[in-house]
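Structure at a glance
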Amino acid sequence: MCGIVGILSHQPVAKRLVEGLKRLEYRGYDSAGIAVINDNQLKRCRAQGKIVNLDDCLAHDHIDGTIGIAHTRWATHGLPTEENAHPHMTETVAIVHNGIIENHTALRDELSAKGIHCTSQTDSEVIAQWLTVFEKESDSYVEAIFKTLAKLEGAYALGIMFRDDPTHLYGTRKGSPLAIGQGSNGEMFLGSDALALAGLAENLTYLEEGDLAVLTKDHIEIFDKNQKQTQRPSQHYAGGFEQVSKGPYRHFMLKEIYEQPDVVRQTLNAYLSEDKKSIVFPELSFDPKTVSKITIVACGTSYYAGLVAKHWLEKVARISVEVDIASEFRYRQPPLSKDGVSLFISQSGETADTMAAHAYAKAEGQQTIGIINVPNSSLARAVNVPLMTYAGPEIGVASTKAFSTQLCVLAALSIYLAHQKGMITDADLEAYCQDLSTLPNLIEKTLSLSDSCKDVAEELAKTRDILYLGRGTSYAIALEGALKLKEISYIHAEGYAAGEMKHGPIALIDETVPIIVIAPHDELFEKLVSNIEEAAARKGQVVFISDEVGQKGYHSQAMARVTVPETSLFTAPFIYTIPVQMLAYYTAVHKGTDVDQPRNLAKSVTVE
Ligand code: M6R
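Residues numbered from 1 in each chain as written. Predicted model: local features only at pLDDT ≥ 70, side-chain atom pairs only at ≥ 80, totals over all residues. Heavy atoms only, no water.

To continue, consider the site of the ligand. As a structural note, the neighbourhood of the ligand is formed by 15 residues, with Ser302, Ser346, Ser348, Thr351 and Glu487 the closest of them. Contacts to the ligand include Gln347, whose backbone N or O atom sits 2.7 Å from an oxygen atom. Contacts to the ligand include Thr351, whose side-chain N or O atom sits 2.4 Å from an oxygen atom. Relative to its unbound accessible surface of 410 Å², the ligand loses 90% to contact with the protein. Among the secondary structure elements, those contributing two or more residues to the shell around the ligand are helix H8 (300–315) and helix H16 (473–489). Residues that form the shell around the ligand fall into these classes: 5 nonpolar, 8 polar and 2 charged. (Near = heavy atom within 4 Å. Polar contact = N/O pair within 3.5 Å; in protein donor to acceptor, adjacent residues only side chain to side chain. Areas by Shrake-Rupley, 256 points an atom, 1.4 Å probe, with all protein chains shown as cover. Helix = DSSP H or I, 4+ residues; strand = E, 2+ residues; numbered from the N terminus. Nonpolar A, V, L, I, M, F, W, Y, C, P; charged D, E, K, R; others polar.)

This part takes up the pattern of salt bridges. A complete count under the given rule lists 26 salt bridges for this structure. We note a salt bridge from Arg163 to Glu91, for which the minimum N-O separation is 3.9 Å. Of this pair, Arg163 sits in the loop between strand E7 (156–162) and strand E8 (169–174) while Glu91 sits in the loop between strand E5 (88–89) and strand E6 (93–98), placing them 72 residues apart in sequence. Residues Lys147 and Glu143 are paired through a salt bridge, measuring 2.9 Å at the closest nitrogen-oxygen approach. Remark: Glu143 and Lys147 occur in helix H5 (residues 141–151); sequence separation between them is 4 residues, near one turn of the helix. Residue Lys147 is classed as partly exposed on the basis of its relative accessible area of 28%. On the accessibility criterion, Glu143 (27% relative accessible area) is partly exposed. Members of the salt-bridge network, linked through shared partners, are Lys293, Glu322, Asp324 and Arg332. (Salt bridge = Lys/Arg side-chain N within 4 Å of Asp/Glu carboxyl O. Buried < 20%, exposed > 50% of the residue type's maximum accessible area, 1.4 Å probe, protein only.)

Moving on, we get to the state of the cysteines. Under the counting rule described, the total for this entry stands at 1 disulfide. The disulfide bridge from Cys45 ends at Cys57, spanning 1.9 Å between sulfur atoms. In this pair, Cys45 sits in strand E3 (residues 41–48) while Cys57 sits in helix H2 (residues 54–61), placing the two residues 12 residues apart along the sequence. As far as the burial class goes, Cys45 and Cys57 line up, both buried. Distance from the sulfur of Cys408, which forms no disulfide, to the nearest cysteine sulfur (Cys433) is 12 Å. Overall, the relative accessible area of 1% leaves Cys408 in the buried class. (Disulfide = S-S within 2.5 Å.)

Okay, the domain arrangement of the chain next. Segmenting the chain into domains produces domain 1 (3–243), domain 2 (247–437) and domain 3 (448–592). The distance between the C-alpha centroids of domain 1 and domain 3 comes to 46 Å. (Domains from an automatic or database assignment.)

Listed below in structure tokens is the structure:
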């Protein structure tokens, strides 16, 4: 949530700061701002709403300089107004902040007692005010920053500039990520993630918890949390501008839906052997033969990927699995056996609750696996075994291609563990691998259903409530479909286990409620059809998603039928995900919502 860019250069920086913000807009988009040092003064420009709203103010005020910081905000404290937008400033200090300062009220009261009053309602402004206090009382800017950090409780990534020190840019982090980028010709950058620095930085250095970086145009000095000078590894960064363009697509979400055949292929290639007969994993930090229980923890769509995996791991590998929402898990503090295995799934690798849940599991002595899309993210660096997905940058707030690639790794892990534990033979393993390797083509075929999904979506867009039903792995896909629809179309949707209908939700059914049925022709098909017929008998408007054989097996009324290609039971979740993504996408388009940046949301949820 929120994005930070900072540039220290020998050329004007305002234009590139705004371009960097535009690449980060997916992280938060309710207000934005930049500050620079110019003619020995701090100058600032802020605007409510999208980053494009900064253009007017920049054109009008001619704000530019060779050092600057910028921010795109997802409001936590205070309304999304210009007054609350970052950078926050005093006469001599400007800061941008990601994270939450939990003791901001106490810090504000302390400032008031000194006669210093904040002008915004944010938790962040106190940081600028305390830096100003300590700047006067310290021998160096580094000392002033460490004195300020000592007062802060909570999480932060900070970009800091001092009016009277225009040759240095400062960056520090605790609980929120921050990277330093080094350019090719004497320039330094700060970014809350690598994307902010795409096309700018040649090398990236990720700060560790509590680090403070002091940047000049050609030098990085880092102090650790104990204020000792330290070194952090730097790596080449190949990210270019093209990584984050929509190409010919109207929305990032649509582009990302259509990228699924490719990214699924890339992710499978990373874990299937060259002859597609077995699974190749990096060395695990535990003995796969002895695993009897896995705890899976994640949020949102990543959590639903975990629910699908529960079926695979329990059925195929006979490993008992508990799947938990990270925000519940971290405070419930369940007992975990020492040397047991916990698995964390996260597209961004920065989700605050997932990170905290991971820290708890680690402290309990668990071996931790991470299924993560963003290389070098906090989670990727924290787990014992990072298993990367290769979805590439996912910009649309609604997760699509990341989910499919998470399923790839989870499927590979399930059959790998099943084989290691002797639950499946070599021949079975080969058959599963072959099955997985057909997925890119099958997904490609399924994408050709877009026209029928568009038509159904036109009807869905007129409704107020929609139910998604499924059983087994399709229950997880029903939950995912409902989440996708509500987050981008703002239509109320619920995913339910079809067998639970009679226990309450059937009371909701009438002729105004569409029921999207995820119905692979599996061993639960007949049971599912009975559940749906009961709903259809109460005038529910059924959208029946199944393959040709399944369509023939459902005889009652349907408002629409979406016929997907035939799949195995094992790979069905991949295929049935595609129509639910497209239904959500086209419904949102019919409703005219902001598909890529839906209201109130941000791509990566780095606060609790
Ligand atoms: O980056 P993560 O996978 O940890 O994010 C978890 C959720 O915030 C995320 O999946 C969210 O639910 C998506 N917006 C769903 O489309």
